Amino acid sequence: MLAQLYTMIFVALTAGCAVLASPVASQALSARVTHTGTATRYLQRGNAGSCGQVHSDQDHIVALQTSTYANGIHCGRSLTITDTKTGKTSSGVVADVCPGCVGSGSIDLSEGLFEVFAPAAAGVFPVTWNFNSKI
């Protein structure tokens, strides 16, 4: 009888740990965090970004502020960006780091993605953004 009790406790604890350690749960949480900052524009000019891929300046790619980039943990992740002045929304994929971005919510957008929101001459605009859930 005591063995059955220990078995039930072990099963309950193991199941609880599996839920807590689930990558799906943590991915869903990070997708719900809204970051606030500014968006600026950058050109890759045919060079590989910090994530190791070469992209056209017209591809919809994003560079994250250094601490948010976190040594590339978010490379290839999709995010949704909203211009807080106009309400325009679009998505991009993390492909680089932005050491010049000030604040963890600030991002650098490829020329093609920036121009979805504003002409290149605008230089900067306020944004909110969040990671999209991984599939």
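Residues numbered from 1 in each chain as written. Predicted model: local features only at pLDDT ≥ 70, side-chain atom pairs only at ≥ 80, totals over all residues. Heavy atoms only, no water.

Trainee: Describe in detail the state of the cysteines, supporting the description with residues and values.
Mentor: Scanning all chains against the criterion turns up 2 disulfides. Covalently, C51 is tied to C75 through a disulfide, its sulfur atoms 2.0 Å apart. Taking the sign of the S-S torsion, -80° for the link of C51 and C75, the bridge is left-handed. A residue pair is termed long-range when its members are at least 10 positions apart, and C51 in the loop between β1 (35–42) and β2 (61–65) and C75 in the loop between α3 (66–69) and β3 (78–83) qualify at 24 residues. Each disulfide pairs two cysteine sulfurs, and for C98 the partner residue is C101, the sulfurs being separated by 2.1 Å. Handedness here is read from the sign of the S-S torsion; for C98 and C101, about 90°, the answer is right-handed. (Disulfide = S-S within 2.5 Å. Helix = DSSP H or I, 4+ residues; strand = E, 2+ residues; numbered from the N terminus.)

Trainee: So what's going on with the nonpolar core? Residues and values would help.
Mentor: Counting residues in each nonpolar core, the largest one holds 17 residues, and the members touching the most others are L64, I81, I107 and L109. Elements supplying a minimum of two residues to this core: β2, β3, β5 (107–110), α4 (111–117) and β6 (124–131). A per-element tally of this core places β6 first, with 4 residues. With residues up to four places along the chain from it excluded, the contact list for I81 reads V62, K88, T89, S90, G92, I107, L109, L113, F117, V127, T128 and W129. Membership of the second largest hydrophobic core comes to 6 residues, among which are Y42, I61, A95 and C98. (Core = buried A, V, L, I, M, F, W, Y, C linked by side-chain atoms within 4.5 Å. Buried < 20%, exposed > 50% of the residue type's maximum accessible area, 1.4 Å probe, protein only. Contact = heavy atoms within 4.5 Å.)

Trainee: Outline the side chain of R77, listing residues and values.
Mentor: Along the chain, the position of R77 falls in the loop between α3 and β3. Nearest to the buried, unbridged R77 among oppositely charged side chains is D96, at 17 Å. Within polar-contact distance, the side chain of R77 engages the backbone oxygen of N132 at 3.4 Å. (Lys, Arg positive; Asp, Glu negative; His and termini not counted. Salt bridge = Lys/Arg side-chain N within 4 Å of Asp/Glu carboxyl O. Polar contact = N/O pair within 3.5 Å; in protein donor to acceptor, adjacent residues only side chain to side chain.)

Trainee: Give me the sheet that holds β5: which residues, what numbers.
Mentor: Note: strands within a sheet are paired through backbone hydrogen bonds, in either parallel or antiparallel orientation. Around the barrel, which closes on itself, the 6 strands sit in the order β1-β5-β2-β4-β3-β6 with mixed pairing between neighbours. Sheet twist, expressed as the average angle between the axes of neighbouring strands with direction ignored, equals 45°. Taken together, the 5 bridges between β3 and β6 define a ladder with antiparallel strand orientation. What sits directly across from L79, in β6, is F131. (Pairing = 2+ DSSP bridges. Axes fitted to C-alpha atoms, helices over the stretch in contact; angles between N-to-C directions.)

Trainee: Pulling in residues and values, what's your account of the packing of aromatic side chains?
Mentor: Following the criterion strictly, the structure yields 3 aromatic pairs and no others. Their ring planes at 35° and their centres at 5.1 Å tell us that F117 and F125 sit as a pair that is tilted. With a relative accessible area of 4%, F117 lands in the buried category. Owing to a relative accessible area of 6%, F125 belongs among the buried residues under this scheme. Three or more aromatic residues joined by ring pairs form one cluster here, namely F114, F117 and F125. (Phe/Tyr/Trp six-rings, centres within 6.5 Å; stacked < 30°, edge-to-face > 60°.)

Just distances and angles here, no functional claims.
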